[in-house]
Amino acid sequence: MSWLADFAETLDQAAVGARAVPQLTHARPDLTVEDAYAIQKLSIDRRLDRGERLVGIKMGLTSRAKMRQVGVDQMAWGRLTDAMMLDEGGSLSLANFIHPRIEPEIAFLMGAPLAGRVTMVEALAAVAAVAPAMEVIDSRYEDFKFALPDVIADNSSSSGFVIGGWNDPSQDLSNLGVILEIDGAVTEVGSSAAILGHPLRSLVAAAAMVSQGGGRIEEGDIVLAGGITAAPALHGGQAIRTTIENLGSVALRVQA
Ligand code: OOG
Ligand code: MG
């Protein structure tokens, strides 16, 4: 087995067993972004071999709030599988996670494929619907600490996601108010503008980055545009709700 496949297995097993592992860059300081995407693919292939199905793409570190929180200032993407999808209004068990955090996000549902260099107008034309969403991120690394290649190899910390009701995408998405409530208290506030100035820019970036790896965004894919605020840690018993102006809300409960 190649060292890339070894790292992929380590990260996959860390996710399956909900046990943190040391950063890959500690063992291999020269790990490149290219290596990291290869590890990510090998690790997701292990999930696909177990019967999971790809359902889309997540963009990460598309807002200043997120970059500041984790100390990495470049975008990363990851792959979403059906097993990561949580029911709207449903609950999750902390037993399946290491140190999960929750992020308010915007989700796009693709009505057409998208790849390579595209404009915002072309990106919008490929979108069938837009929804409020949340991502559960759970870095497989000790203390939730990583450098860019680490987090890319770790599927950009993706662990779960939940999507609210789908809306018509032909509305102004540039500056929609966002609140994240925990147990009814407003914990984070933001705007869709926090995502690269406009959430469609994240979709434009996703098309380019996914193509660089030889893939493309497919019709029917879900694309998460990236966390809008810093991501608070999840604790047992919490009721979490994200509400986005004009798009509605999406909720999750954490089992006690
Ligand atoms: C990296 C993943 C970031 C986002 O939406 O910005 C991310 C992390 O914070 O662990 O999912
Ligand atoms: Mg995210």
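How each quantity is defined
- Residues numbered from 1 in each chain as written.
- Chains lettered and ligands numbered in written order.
- Predicted model: local features only at pLDDT ≥ 70, side-chain atom pairs only at ≥ 80, totals over all residues.
- Heavy atoms only, no water.
- 1 Å grid on protein atoms, 1.4 Å probe; cavity = no way out; pocket = protein on both sides within 12 Å on 5 of 7 lines; lining within 4 Å.
- Points joined across faces, edges and corners; volume = space filled by probe spheres on them.
- Helix = DSSP H or I, 4+ residues; strand = E, 2+ residues; numbered from the N terminus.
- Nonpolar A, V, L, I, M, F, W, Y, C, P; charged D, E, K, R; others polar.
- Near = heavy atom within 4 Å.
- Polar contact = N/O pair within 3.5 Å; in protein donor to acceptor, adjacent residues only side chain to side chain.
- Areas by Shrake-Rupley, 256 points an atom, 1.4 Å probe, with all protein chains shown as cover.
- Sits in = over half its atoms within 2 Å of the grid points.
- Donors = N, O, S within 2.8 Å, 3.2 Å for Na, K, Ca; no water.
- Buried < 20%, exposed > 50% of the residue type's maximum accessible area, 1.4 Å probe, protein only.
- Expected span 1.5 Å × (residues − 1).
- Contact = heavy atoms within 4.5 Å.
- Pairing = 2+ DSSP bridges.
- Axes fitted to C-alpha atoms, helices over the stretch in contact; angles between N-to-C directions.
- Core = buried A, V, L, I, M, F, W, Y, C linked by side-chain atoms within 4.5 Å.

A full pass over the atoms with the stated rule returns two cavities of 30 Å³ or more. By volume, the largest cavity is sized at about 120 Å³. In terms of lining residues, the largest cavity is bounded by 16 residues, among which Lys-58, Leu-61, Lys-66, Ser-156 and Ser-157 are the most central. At the level of elements, strand 1 (54–60), helix 4 (64–70) and strand 5 (127–137) are the ones that each hand at least two residues to the lining of the largest cavity. By residue number, the principal contributor to the lining of the largest cavity is strand 1, which donates three residues. Residues that form the lining of the largest cavity fall into these classes: eight nonpolar, four polar and four charged. One number sums up the size of the second largest cavity: a volume of about 70 Å³. What lines the second largest cavity is Leu-11, Asp-12, Ala-15, Ser-43, Ile-44, Arg-47, Met-84, Arg-140, Ala-153, Asp-154, Asn-155 and Ser-158. Listed by contribution, the elements that provide at least two residues to the lining of the second largest cavity are helix 1 (3–17) and helix 3 (33–49).

This part covers the site of ligand 1. The local shell around ligand 1 holds 17 residues, among which Lys-58, Leu-61, Lys-66, Ser-157 and Gly-227 are the closest. In this structure, an oxygen atom belonging to ligand 1 sits 2.6 Å away from a main-chain N or O atom of Gly-227. Its free accessible area being 320 Å², ligand 1 has 100% of it covered by the protein chains. Judged by its atoms lying within 2 Å of the grid points, ligand 1 is housed in the largest cavity. Mapped onto the shell around ligand 1, the elements with two or more residues apiece are strand 1, helix 4, strand 4 (101–110) and strand 5. For the shell around ligand 1, the element with the highest residue contribution is strand 1, accounting for three residues. Classifying every residue of the shell around ligand 1 gives seven nonpolar, five polar and five charged.

This part is about the coordination of the magnesium ion (ligand 2). Donor atoms from the polypeptide that bind the magnesium ion (ligand 2) are Glu-103 (OE), Glu-105 (OE) and Glu-135 (OE), placed at 2.0 to 2.1 Å. Mapped onto the sequence, the residues coordinating the magnesium ion (ligand 2) show the spacing E-x1-E-x29-E. Residue Glu-105 is located in strand 4, and its partner Glu-135 is located in strand 5; the two are separated by 30 residues in the primary sequence. On the basis of relative accessibility, which here comes to 0%, the residue Glu-135 falls in the buried class.

Right, let's talk about helix 3 for a bit. An ideal rise of 1.5 Å per residue puts 24 Å on 17 residues; helix 3 measures up with 24 Å between its terminal C-alpha atoms. Listed as buried for helix 3 are Asp-35, Ala-36, Tyr-37, Ile-39, Gln-40, Ser-43, Ile-44 and Arg-47. The inward-facing, buried residues of helix 3 abut helix 1, helix 2 (24–27), strand 1, strand 2 (76–81), helix 6 (148–153) and helix 7 (199–212). With its phi angle positive at about 105 degrees, Gly-51 sits one or two positions after the end of helix 3.

Moving on, we come to the sheet that holds strand 9 (residues 222–224). Taken in spatial order, the six strands of this open sheet run 2-1-9-4-5-6, and their pairing is mixed. Of all the strands in the sheet, the pair left with one neighbour each is strand 2 and strand 6 (158–163). Within the sheet, the average angular offset between the axes of one strand and its neighbour, ignoring direction, is 30 degrees. Pairing analysis gives ten bridges linking strand 4 to strand 5, with the strands arranged antiparallel. Looking across to strand 5, one finds that Ala-107 is bridged to Ala-131.

Our focus in this paragraph is the sheet that holds strand 10 (residues 239–244). One open sheet accounts for five strands, arranged 3-11-10-7-8; its pairing is mixed. Looking at the sheet topology across the chains shown, the edges are occupied by strand 3 (91–92) and strand 8 (185–191). Note that strand 3 and strand 11 (residues 248–254) share two bridges and pair parallel. Bridged to Leu-92 within strand 11 is Val-254.

Grouped together as the largest cluster of nonpolar side chains are 55 residues, with contacts concentrated most on Ile-39, Phe-108, Met-110, Leu-114, Leu-203 and Ile-217. Broken down by element, this core gets its largest block of residues, eight residues, from helix 7. In contact with Phe-108, other than residues within four places in its own chain, are Val-127, Ala-129, Val-130, Trp-166, Leu-173, Pro-199, Leu-200, Leu-203, Asp-221, Ile-222, Val-223 and Ala-225. Phe-97, Ile-102, Val-250 and Leu-252 belong to the second-largest nonpolar core, a separate cluster that totals 14 residues.

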